Amino acid sequence: MHPPRVRAGILGLALVAGLAAPTAATAAGAAPATTSTSASTSASASAPTVEERRLAQAVPQEILGRSGFDTAAARFARLLGASHSYAQARRVVEGEGRALWRRAVDRAQGRGPAGGDLSRDDDRPLYWARLSMTSELRAWEPAFTVDDGQRAALLDELERASRGQDDVRLPRRATGLKRVLVTGFDPFTLDRDIRISNPSGATALALDGTVIRTADGPARVETVVFPVRWRDFSQGVVERALRPYLPHVDLFTTVSQGRVGRFDVERTNGAWRGGFADNENVGRTEQVPVPDPASQPQWTTTTLPYAAVVAADTGRFPVYDNTSVTEIPAGGTTPVVRPDGPTAGSTARAGGGGDYLSNEIAYRATLLRDRLGLHDSLPGGHVHTPVLQFGAGNTDPATGAVTDPEFVRNRLDIIAQVRAILSTAAGA
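**Q** What is the right way to read the overall build of the protein from this model?
**A** A tally of helices and strands in the protein yields twelve helices and 17 strands. Expressed as a percentage of the 428 residues in the protein, the buried residues total 58%. The long-range share in the protein, meaning contacts at least 24 apart out of those at least 6 apart in sequence, stands at 77%. Surface exposure of the protein reaches about 16,000 Å², of which carbon and sulfur atoms provide 53%.

**Q** Honestly, the pattern of salt bridges in this entry has me stumped. Any pointers?
**A** If the charged atoms of two oppositely charged side chains come close together, the side chains can form a pair. The final tally for this structure, using the stated rule, is 40 salt bridges. The partner of D117 in a salt bridge is R66, and the shortest N-O contact between them spans 2.8 Å. Linking D117 in the loop between α4 (86-108) and α5 (124-139) with R66 in the loop between α2 (58-65) and α3 (72-81), this pair joins segments that are 51 residues apart in sequence. A salt bridge links D106 to R111; its shortest N-O distance comes to 2.9 Å. What makes D106 partly exposed here is its relative accessible area of 25%. Residues joined by salt bridges that share partners form a network here, namely E51, R130, E159, R163, D186, R229, R231, D232 and E280.

**Q** Where do I start with the side chain of E51 in this structure?
**A** Of note, E51 is situated in helix α1 (residues 50-53). Among the polar contacts listed, one links the side chain of E51 to the side chain of Y127, at a separation of 2.6 Å. At a separation of 2.8 Å, a polar atom in the side chain of E51 contacts the side chain of R229. Those residues within four positions of E51 in sequence are excluded, and the remaining contacts are Y127, W128, L131, R229, N279 and E280.

**Q** Got a minute to help me understand the nonpolar core in this structure?
**A** Nonpolar side chains tend to gather and get buried jointly when the protein is soluble and globular. Membership of the largest hydrophobic core comes to 38 residues, with the highest contact counts inside it found for F76, L80, W128, L137 and W140. Of all elements in the fold, only α2, α3, α4, α5, α6 (148-162) and α7 (199-207) reach the threshold of two or more residues within this core. Here F76 is in contact with V92, V93, E96, M133, E136, L137 and L158, once residues within four sequence places are set aside.

**Q** Can you help me understand helix α11 (residues 357-371) in this one?
**A** Since the α-helix packs 3.6 residues into each turn, any two residues three or four apart lie on the same face. Here α11 contains 15 residues, and its C-alpha end-to-end distance of 20 Å stays within 8% of the 21 Å for a straight helix at 1.5 Å per residue. Burial of α11 is extensive: 13 of the 15 residues sit out of reach of the surface.

**Q** Explanation requested: the side chain of T300 in the structure shown.
**A** Following the sequence through the fold, T300 ends up in strand β12 (residues 299-301). When residues no more than four places from it in sequence are discounted, the contact partners of T300 are R267, T268, N269, A362, Y363, T366, L367 and D370.

The rules we used
Residues numbered from 1 in each chain as written. Predicted model: local features only at pLDDT ≥ 70, side-chain atom pairs only at ≥ 80, totals over all residues. Heavy atoms only, no water. Helix = DSSP H or I, 4+ residues; strand = E, 2+ residues; numbered from the N terminus. Buried < 20%, exposed > 50% of the residue type's maximum accessible area, 1.4 Å probe, protein only. Contact = heavy atoms within 4.5 Å. Areas by Shrake-Rupley, 256 points an atom, 1.4 Å probe, with all protein chains shown as cover. Salt bridge = Lys/Arg side-chain N within 4 Å of Asp/Glu carboxyl O. Polar contact = N/O pair within 3.5 Å; in protein donor to acceptor, adjacent residues only side chain to side chain. Core = buried A, V, L, I, M, F, W, Y, C linked by side-chain atoms within 4.5 Å. Expected span 1.5 Å × (residues − 1).

See the structure below:
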């Protein structure tokens, strides 16, 4: 994910550095670390979030209706309303969150009914159904007492469960399967075009639990999806989700949408947030906040076999080894673009993947790898996919269709190429 870069007519809808950023509320300091990812911790029913308010628009409702996911919120609200205790409500939240994730994965992989005419590879039903459920949970007024912390914990549990973050099932070593962990993102920049899909999220759904062939034998892929919210990253959602698994996998790749018409393996990640607005319309401009900032490096690097990936024939889009960064040189004050990576003692202003949440997830995941002592033994890094584009006659957000044949073909080709990139990397 760069923030969408709009440059010379190119819309780079990636979680990378912001090329041209819309007006955003910018926070100078990091949010305090907590265990909650909820937008409200009010004990009583609270107003919808910025993301949830978009549900009222026609496009989300069409996506939900054309996938059959429009029933998820009503079922959730009914079960939640029938709860007679906090413990029972928590079981409902956990169960329905996991069921939503499994339903989205099953739909993407061709299991069960499609639920409508929207193509199965679409990641958007999961995103909008999750928001419809968090909205119900936020508005829920139980007959028993639920305090601030309890409501926040329920919202947090729903987020984790519906993103596959507690559904990672690594095979036992005795099976002989290599283990690969992949992450994706929600759709974003929805105020620019609410029809947007994120190919990294679609890839996560398509690959979760699948086995791919590599030159070094079969590998099982497990996936999770993350929100496009600075707040959650400040609260440690990446580290909490990945820490239990990194010591036990053979390769990991964070994935997000990047530049038009190309894949990039990002060589270097920077410890800087550039302020581009997230899905809550909030921006942050600051050093990436992590535990133990005194030992925090300005840069982390990929350990993916980028040369092998770039050289392989993985699909119709070209794949680049991206070495560029933006830095403030040691002793300097002005940011400078360095095509060949950072210089000694420099301060990060953008990694190869920019200064948005795609760079940040890559930075956090690779920093966690290094702090776990796995730099020399665990291949891991970030891959940017091409921007997922609609067909040539379907580019107006106000009047365009929510899908078209070229849109579906582009998404399927991106998913297939990510699978091939993983196969190459895991076998290298």
